[in-house]
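Close look at the chain arrangement
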Amino acid sequence: MSRPPESARVVLVASSTTALAAGGVAAVWVFLGRSGFPFALVTHFLLMAWVSSIVGPQVRMSDLDWFRVRHGEPRLYSALGVRLFGRLLDAIGWNRVIARERGFSGTREGLEALDQDTRRSEVGHGICLVVTAAVALGMLSTGAWHGAVWLVALGLLVHLYPALLQRLLRARVQTILARLSRTP
């Protein structure tokens, strides 16, 4: 029996994991309730697992203008406490886990791969933020404002700040790559 084309497999996996994640969030809504921290925490972990399956290492991010970090962005992110957030991730050991997963080689090709990793991570966290906002609006429409506040607050911590941290890292990578391309 022949295998389906790669694009069909990708669509099938993405559709299946999306259905599982949506079902998981619905189950958490029903069994844990939607008004507190447990719902928000489990929902974010489900979102992260889901997005990891659709924006994994096999996905190549295009060279959109959005991914180019502008000159003033790093200063803004520092003012917002993103560097401090990165140091917190260092202290709890999260960055060691991610570094092992990425396997940065220290070469020019490694920098280009790291650039792609930061793009995928930023997109993944961005997707999670959009879903968080949609679920929070749904919660507000049912009167579960307390749960919506928890969901959004955790979303800022586990999605917005990590997305900004990826941009901060990519600013460094892009600076080094630009320097390397100027040297003969």
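Right above here is the structure, for reference.
As the structure is a computational prediction, the values presented were derived from the model and not from experiment.

Side note on helix H7 (residues 145-182)
Taking 1.5 Å of rise per residue, the 38 residues of H7 would be expected to cover 56 Å, and the 53 Å separating its terminal C-alpha atoms lies within 8% of that figure. At leucine 156, H7 shows its strongest bend, of approximately 40°.

Observations regarding the packing of helix H2 (residues 37-54) against H7
One way to put it is that H2 packs onto H7 with a least axis distance of 9 Å and a crossing angle of 40°. On the basis of their axis angle, the class for H2 and H7 is oblique. Helix-helix and strand crossings are classified by hand; for H2 and H7 the assignment is right-handed. Contacts from Phe37, Phe39, Ala40, Leu41, Thr43, His44 and Met48 in H2 reach Trp150, Leu151, Leu154, Gly155, Val158 and His159 in H7. Partitioning the contact of H2 with H7 into residue classes produces nine nonpolar, four polar and no charged.

Quick look at the nonpolar core
One finds Val25, Val28, Phe39, Ala40, Ala136, Met139, Ala144, Ala148, Leu151 and Leu154 forming the largest nonpolar core, which totals ten residues. Of all the secondary structure elements, the ones that give two or more residues to this core are helix H1 (6-32), H2, helix H6 (108-141) and H7. By residue number, the principal contributor to this core is H7, which donates three residues. Other than its neighbours up to four places away in sequence, leucine 151 contacts Phe39, Ala40, Thr43, His44, Thr132, Val135, Ala136 and Met139.

Comments concerning a nonpolar patch on the surface
Taken together, the side chains of Leu32, Phe37, Leu41, Val42, Phe45 and Trp150 make up a nonpolar region of the molecular surface, amounting to roughly 520 Å² of accessible area. Top element by residues in the nonpolar patch is H2. It accounts for four residues. Relative to the helices and strands, tryptophan 150 resides in helix H7.

Section: the environment of histidine 159
Among the secondary structure elements, histidine 159 is positioned in helix H7. Distance in space between the C-alpha atoms of histidine 159 and valine 55 is 14 Å, their sequence separation being 104 residues. Filtering out sequence-adjacent residues up to four positions away, histidine 159 remains in contact with His44, Met48, His125, Cys128, Leu129, Thr132 and Leu154.

Side note on the packing of H6 against H7
The N-to-C vectors of H6 and H7 enclose an angle of 160°; their axes lie 8 Å apart at closest approach. With respect to H7, the axis of H6 lies roughly antiparallel. The two elements H6 and H7 cross, and the hand of that crossing is left-handed. For the contact of H6 with H7, the residue count by class is 21 nonpolar, ten polar and seven charged.

Cut-off values and rules
Residues numbered from 1 in each chain as written. Predicted model: local features only at pLDDT ≥ 70, side-chain atom pairs only at ≥ 80, totals over all residues. Heavy atoms only, no water. Helix = DSSP H or I, 4+ residues; strand = E, 2+ residues; numbered from the N terminus. Expected span 1.5 Å × (residues − 1). Bend = angle between axes of the 7 residues up to and from the residue. Axes fitted to C-alpha atoms, helices over the stretch in contact; angles between N-to-C directions. Parallel < 35°, antiparallel > 145°, perpendicular 65-115°, else oblique. Left-handed = near helix turned anticlockwise from the far one by under 90°. Contact = heavy atoms within 4.5 Å. Nonpolar A, V, L, I, M, F, W, Y, C, P; charged D, E, K, R; others polar. Core = buried A, V, L, I, M, F, W, Y, C linked by side-chain atoms within 4.5 Å. Buried < 20%, exposed > 50% of the residue type's maximum accessible area, 1.4 Å probe, protein only. Patch = residues over 30% accessible without salt bridge, like charges linked within 9 Å, V, L, I, M, F, W, Y side chains within 5 Å. Areas by Shrake-Rupley, 256 points an atom, 1.4 Å probe, with all protein chains shown as cover. Salt bridge = Lys/Arg side-chain N within 4 Å of Asp/Glu carboxyl O.

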